[in-house]
Amino acid sequence: MDRGDGVTASAIEGHALAGTMAADALAGGRDASPRPSARRLLGLYLLLGFSAGLPFYMFNAVLTLRLARHGVDIVIIGFFAWIALLPTFKFAWAPLIERYDIPGFARFWGRRRGWIMLSQLGIFTSMVAMAFTSSDASLPLTALFAILLAFWTTTLEVAADGWRIELAPTQAEQAPIVAANLWGYRSAMVAAGSGAILVAAWADWTWAYLVIAVAAFAPFPILAAMRPEQDGAPGRVRALLRGSLASLAILLAAALVTAAVGWALLSAVQGAGFSAKTNVTPIVLAIALLPFTALALALPRIRRLPSGPPATMSSFAAPYVELFWRYGYAVLAVLAFVSLYRMGDVLTLTLSHPLWNEAGYSLEQIGFADGVVALSASMAGVALGGWLSTRWSLGWTLGTGAVTAAAGNWIYVWLWHSEPSSFVLYTSVAVDQFGNGFAGAVFVVYLSMLVSPTYPGAQYALLSGFAFLLPRLLAGASGSMQTQIGYDGFFLLSGALSFAAIFLLPIITRVKGRPAP
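Residues numbered from 1 in each chain as written. Predicted model: local features only at pLDDT ≥ 70, side-chain atom pairs only at ≥ 80, totals over all residues. Heavy atoms only, no water.

(A) Just empty space enclosed by the protein, in detail. A complete count under the given rule lists six cavities of 30 Å³ or more for this structure. A volume near 780 Å³ is recorded for the largest cavity. Looking at the largest cavity, it is lined by 45 residues, and the ones nearest its centre are Phe56, Glu157, Tyr185, Phe468 and Arg472. When residues of the lining of the largest cavity are traced back to their parent elements, those giving at least two are helix H3 (38–53), helix H9 (139–167), helix H10 (171–202), helix H19 (343–359), helix H22 (422–450) and helix H23 (456–467). Looking at which element gives the most residues to the lining of the largest cavity, the answer is H22, with eight residues. Looking at the lining of the largest cavity residue by residue, the classes come out as 23 nonpolar, 13 polar and nine charged. (1 Å grid on protein atoms, 1.4 Å probe; cavity = no way out; pocket = protein on both sides within 12 Å on 5 of 7 lines; lining within 4 Å. Points joined across faces, edges and corners; volume = space filled by probe spheres on them. Helix = DSSP H or I, 4+ residues; strand = E, 2+ residues; numbered from the N terminus. Nonpolar A, V, L, I, M, F, W, Y, C, P; charged D, E, K, R; others polar.)

Have a look at this one:
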């Protein structure tokens, strides 16, 4: 999401002009431009959001439904939700994205577009691999390709997020661009979920993943046809060929490393005597929290640094030390707030599709709910959240978002205890997706206001990653939780966790950081 030059138009107006803006972005989009026009900016981030949103459901909600239809145990399905943990660790490779170029692509299209093009190739190949293993006969193989899909989807988002924050430093500029990006993201995400389910109902899961893979790859030739980063840069075809070859080598290396690490971890887990009945959530939680715990323990020392991270500090550590230096002990309250705020949305996404399946809804009903209903409600929520973020304080918009998100969880208790009907399903999905969209829009604006302009991509990766760490860890145990407290107890609890973020608002709205060095 880029910068809008004095953008004050509402997000609703931005959506109405989406087609024109996208055309402007393609015709004249140049990521080298320091101040793109508002229309070009919104169109570009609508396109980037669409590109990143298509794969998300395919390694998350659609995959859990696919596994459920194949008779995989609900506890194992819950473990697959831990694949969504990968984006929470994007801070581990975010500094590499801002520092290194993709051979071939970067010379002509620039560093950020180069990473985006590599990521799209990774998304396409991973989804094709998931298509041809759609029988789920080998769950480790299914997990491997789902992890690769999550990795390349996250890499695409990191490249785009840093650029957005650099170009739109204020709340008023961020809100419309966030709305445009989320419109693209959510429309693609919902379209992928609905489209994949409907294709699976008409054909099979292989065709479902192939169709979405082709759709996800569509922005690649559009990006390849855009202007170079610098006027007069020669060798478009040569850059495309060199970049594609380098990308294939990178993709193969990533697949081999992931497979080797996965095999080693599975062997270690089996050797330790773990099984599907073992409660590994505390172990995974402890490992996942290690880097954040290390920063928290070093906070007294970090706080005493005279002027933020010294110039001699490694490029990997500097962005994160600077964030903790700037906010001091208040950063702990911020981290607590962000970890609670999207809790309900993540937990709902994990078990909503299995809930619909067990409640007796058909694939056609689920597909329509995930499509027309979810898309309309979600985009309305994003529009209102983006619009209010330009007019209200973040405290009020964040509080309203927490309430709507909690309501979106609690509505599924009503669904579970109601006789199956299209009205019950569509109403529940509409309430859930409206709250999800509203809370998501204001939350992205809030996180964007916390980062330093010196390290926008890396710090946003850390904050947004931590925001989903605890929710996704709990999502991995959602199957076990459901067996203990039922679907109604699960959704009551998930809604309460989202609502609990309200009690931290009086603290986080008063947080003021030191001036960035």
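(B) Fine view of unusual backbone geometry. Within the chain, Asp136 stands out as a residue other than glycine whose phi angle is a positive 60°. Within the secondary structure, Asp136 is located in the loop between helix H8 (111–131) and H9.

(C) Region of interest: the nonpolar core. With 165 residues, the main nonpolar core has Phe337 and Tyr446 as its most contacted residues. When residues of this core are assigned to their parent elements, the largest contribution, 15 residues, is made by H10. Discounting chain neighbours no more than four positions away, the residues touching Tyr446 are Val334, Phe337, Val338, Leu394, Leu398 and Ile508. (Core = buried A, V, L, I, M, F, W, Y, C linked by side-chain atoms within 4.5 Å. Buried < 20%, exposed > 50% of the residue type's maximum accessible area, 1.4 Å probe, protein only. Contact = heavy atoms within 4.5 Å.)

(D) Structural view of the pattern of salt bridges. Under the counting rule described, the total for this entry stands at four salt bridges. Among the ionic pairs, Arg66 bridges to Asp136, the shortest N-O distance being 2.6 Å. One end of the pair, Arg66, is in helix H4 (residues 61–69); the other, Asp136, is in the loop between H8 and H9, with 70 residues separating them in the sequence. (Salt bridge = Lys/Arg side-chain N within 4 Å of Asp/Glu carboxyl O.)

(E) Broad picture of the environment of Thr206. With respect to the helices and strands, the residue Thr206 is situated in helix H11 (residues 205–217). For Thr206, a relative accessible area of 19% gives the class buried. Residues Thr206 and Ser134 lie 72 residues apart in sequence; the distance between their C-alpha atoms is 5.6 Å. Discounting residues that sit within four places of it in the chain, Thr206 has contacts with Ala131, Phe132 and Ser134.

(F) Focus on helix H13 (residues 236–271). With 36 residues, H13 extends 52 Å from end C-alpha to end C-alpha; this agrees with the ideal 52 Å at 1.5 Å per step. Buried within H13 we find Ala239, Gly243, Ala246, Ser247, Leu251 and Ala254. (Expected span 1.5 Å × (residues − 1).)

(G) Just a nonpolar patch on the surface, in detail. Taken together, the side chains of Val403, Trp410, Leu492, Phe499 and Phe503 make up a nonpolar region of the molecular surface, amounting to roughly 480 Å² of accessible area. Those elements that place two or more of their residues in the nonpolar patch are helix H21 (394–416) and helix H25 (478–499). Tracing the sequence through the fold places Trp410 in helix H21. The class of Trp410 is partly exposed, set by a relative accessible area of 36%. (Patch = residues over 30% accessible without salt bridge, like charges linked within 9 Å, V, L, I, M, F, W, Y side chains within 5 Å. Areas by Shrake-Rupley, 256 points an atom, 1.4 Å probe, with all protein chains shown as cover.)

(H) Representation of the packing of H21 against H22 in the model. Between H21 and H22, whose axes approach to 8 Å, the crossing angle comes to 155°. As judged from the angle between their axes, H21 and H22 are roughly antiparallel. Of the two elements, H21 crosses H22, and the hand of that crossing is left-handed. Its residues assigned to classes, the contact of H21 with H22 comprises 20 nonpolar, eight polar and one charged. (Axes fitted to C-alpha atoms, helices over the stretch in contact; angles between N-to-C directions. Parallel < 35°, antiparallel > 145°, perpendicular 65-115°, else oblique. Left-handed = near helix turned anticlockwise from the far one by under 90°.)

(I) Examining helix H17 (residues 318–327) more closely. Across the ten residues of H17, ten count as buried, placing the element largely inside the fold. Buried within H17 we find Ala318, Pro319, Tyr320, Val321, Glu322, Leu323, Phe324, Trp325, Arg326 and Tyr327. Where H17 is buried, its residues meet helix H6 (94–99), helix H15 (290–297), helix H16 (299–303), helix H18 (330–341), H22 and H23. In the stretch just after H17, Gly328 is the one whose phi turns positive, near 60°.

(J) The confidence of the model for the protein chain, seen in detail. Averaged over every residue, the pLDDT of the protein chain is 81; residues scoring 70 or more account for 85%. At the low end of the mean pLDDT range in the protein chain sits helix H1 (residues 11–16), at 30; at the high end sits H21, at 93. Confidence drops under pLDDT 50 across residues 1–35; counting only partners more than four residues distant or on other chains, this segment forms 87 contacts. (pLDDT = per-residue confidence, 0-100.)

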